[in-house]
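Each chain is listed here by its residues.
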Amino acid sequence: MEKVKENIRNRLNNIFQDVFDDEKIEIFEEMTAEDIDEWDSLMHVTLVLAVEKEFDIRLNASEIGKLQNVGTMLILLEKYVEKG
Amino acid sequence: MSDIREATFDDYEEIMELMQRFEIPYKTKKEWKGIWEYNPMIADDHISWTIGWVVVNDEGRVVGYLGNIPLVYELNGKRLIAAVAHAWVVDEEFRKYSVLLINSYFNQRNVDMLLNTTGGNSVTIKIFSAYKAKRAPVDQYDVARFCVTNYKGFLTALLKKKEFLCIILLSHLYHLQCGVLIN
């Protein structure tokens, strides 16, 4: 299970680096838009779309509403990966 | 909890309030409804069409909107239906739900192509690219080009946009004088 979590984290980290075009980004659970200057609403859309594409999922309104930080995003992705 | 649903004409007031908060040009209800009601594709073909989508807050108020306008094109004798995105606007507090609107637009069925004619900045290009949208083969996206077929109408519309009302009057007078001379 730890390996799965690590894999999800790595994939999400790659998405962040790619979307914000910054290879130095290292995500952490409490990370929010406050922590990345370029993370505005349009970049958030780009980010969510990139996540949906990478994990082949479609988030609904309820799930999007619950995304408070990177930690909640990781938990959500873990649930999707668990479901297969 | 916020949610997304298809927009209806009854949403007009709340959509206009939202658009005005972001200084998007106001349309009367007749003008706004007319985009679809007088649209030849809908009026002539009687097809059902989603006029757009709205994000509503937990009280049911509209806090986000994306319009969806049908256009008909013809290529090699084949009729093509295009859906044009219009006025993507979401209150700041609810911006994270913007993705639901754009997802609905890109996942609609029964259209042959999706057109966006205003998304010229780098981020919107990124968003549209995520949906595999292709850029039109033009060099510059920040320069408007017009193919003028109705000179008087074009000039009037241009001057109106520039708020040179007095010049419009003068252009009308000039036109009248020309008409007299030609006659």
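Check the entry above for the structure.
All values derive from a computational prediction rather than experimental measurement.

### Considerations on the overall build of chain A
Helix and strand counts for chain A come out as four helices and zero strands. Relative to a compact globule of 84 residues, whose C-alpha radius of gyration would be 12 Å, chain A shows 12 Å and is just as compact. Structurally, chain A occupies a C-alpha span of about 35 × 30 × 20 Å along its principal axes.

### Describing the interface of chain A and chain B
The interface of chain A with chain B comprises 16 residues on the first partner and 17 residues on the second. Of all the secondary-structure elements, those providing two or more residues to the side of chain A that touches chain B are α2 (41-55) and α3 (61-66) of chain A. Examining the composition of the side of chain A that touches chain B, we find that ten residues originate from one element, α2(A), more than from any other. Partitioned by chemical class, the residues of the side of chain A that touches chain B number nine nonpolar, five polar and two charged.

### Points about the nonpolar core
Core analysis: the largest hydrophobic core is formed by 38 residues, its most contacted members being B:V54, B:V55, B:Y65, B:L66 and B:L101. Elements that contribute at least two residues to this core include exactly α1 (2-19), α2 and α4 (70-83) of chain A together with α1 (12-21), β2 (52-56), β3 (62-75), β4 (78-90) and α4 (98-106) of chain B. Ignoring sequence-local partners within four residues, the contact set of B:Y65 consists of B:A7, B:I15, B:L18, B:G52, B:V54, B:A87 and B:V89.

### Quick look at the sheet that holds β4(B)
Residue and element names in this part refer to chain B. If you walk across this open sheet you meet the five strands as β1-β2-β3-β4-β5, and the pairing is mixed. Of all strands in the sheet, those bounded by a partner on one side alone are β1 (3-6) and β5 (113-115). The mean inter-strand angle of the sheet, taken between neighbouring strand axes irrespective of direction, is 25 degrees. Where β4 and β5 come together, three bridges link them in parallel fashion. The residue bridging V84 from the neighbouring strand is L115, located in β5. With respect to the sheet, α4 is in contact with β1, β2, β3, β4 and β5, its orientation differing from that of β3 by roughly 20 degrees.

### Some points on the environment of B:Q108
Residue and element names in this part refer to chain B. With respect to the helices and strands, Q108 occurs in the loop between α4 and β5. Along the sequence, Q108 and R5 sit 103 residues apart, while their C-alpha atoms lie 13 Å from each other. Setting aside residues up to four positions removed in sequence, Q108 forms contacts with T50 and A83.

### Focus on the pairing of β3(B)
Residue and element names in this part refer to chain B. In this sheet, β3 lies alongside β2 in antiparallel orientation, the contact comprising five bridges. In the strand pairing of β3, W53 is matched with L66. In this structure, the hairpin formed by β2 and β3 is closed by a connection of five residues, where G60 is found at a positive phi of approximately 85 degrees. Direction of pairing for β3 relative to β4: antiparallel, over a ladder of eleven bridges. Paired with L75 across the bridge in β4 is K78. Here β3 folds back onto β4, and the loop between the two strands holds two residues, one of which, N76, carries a positive phi near 50 degrees.

Rules used in this analysis
Residues numbered from 1 in each chain as written. Chains lettered and ligands numbered in written order. Predicted model: local features only at pLDDT ≥ 70, side-chain atom pairs only at ≥ 80, totals over all residues. Helix = DSSP H or I, 4+ residues; strand = E, 2+ residues; numbered from the N terminus. Rg over C-alpha atoms; globule rule 2.2 N^0.38 Å. Contact = placed C-beta atoms within 7 Å. Nonpolar A, V, L, I, M, F, W, Y, C, P; charged D, E, K, R; others polar. Core = buried A, V, L, I, M, F, W, Y, C linked by C-beta atoms within 7 Å. Buried ≥ 20, exposed ≤ 12 C-beta atoms within 10 Å, placed from the backbone. Pairing = 2+ DSSP bridges. Axes fitted to C-alpha atoms, helices over the stretch in contact; angles between N-to-C directions.

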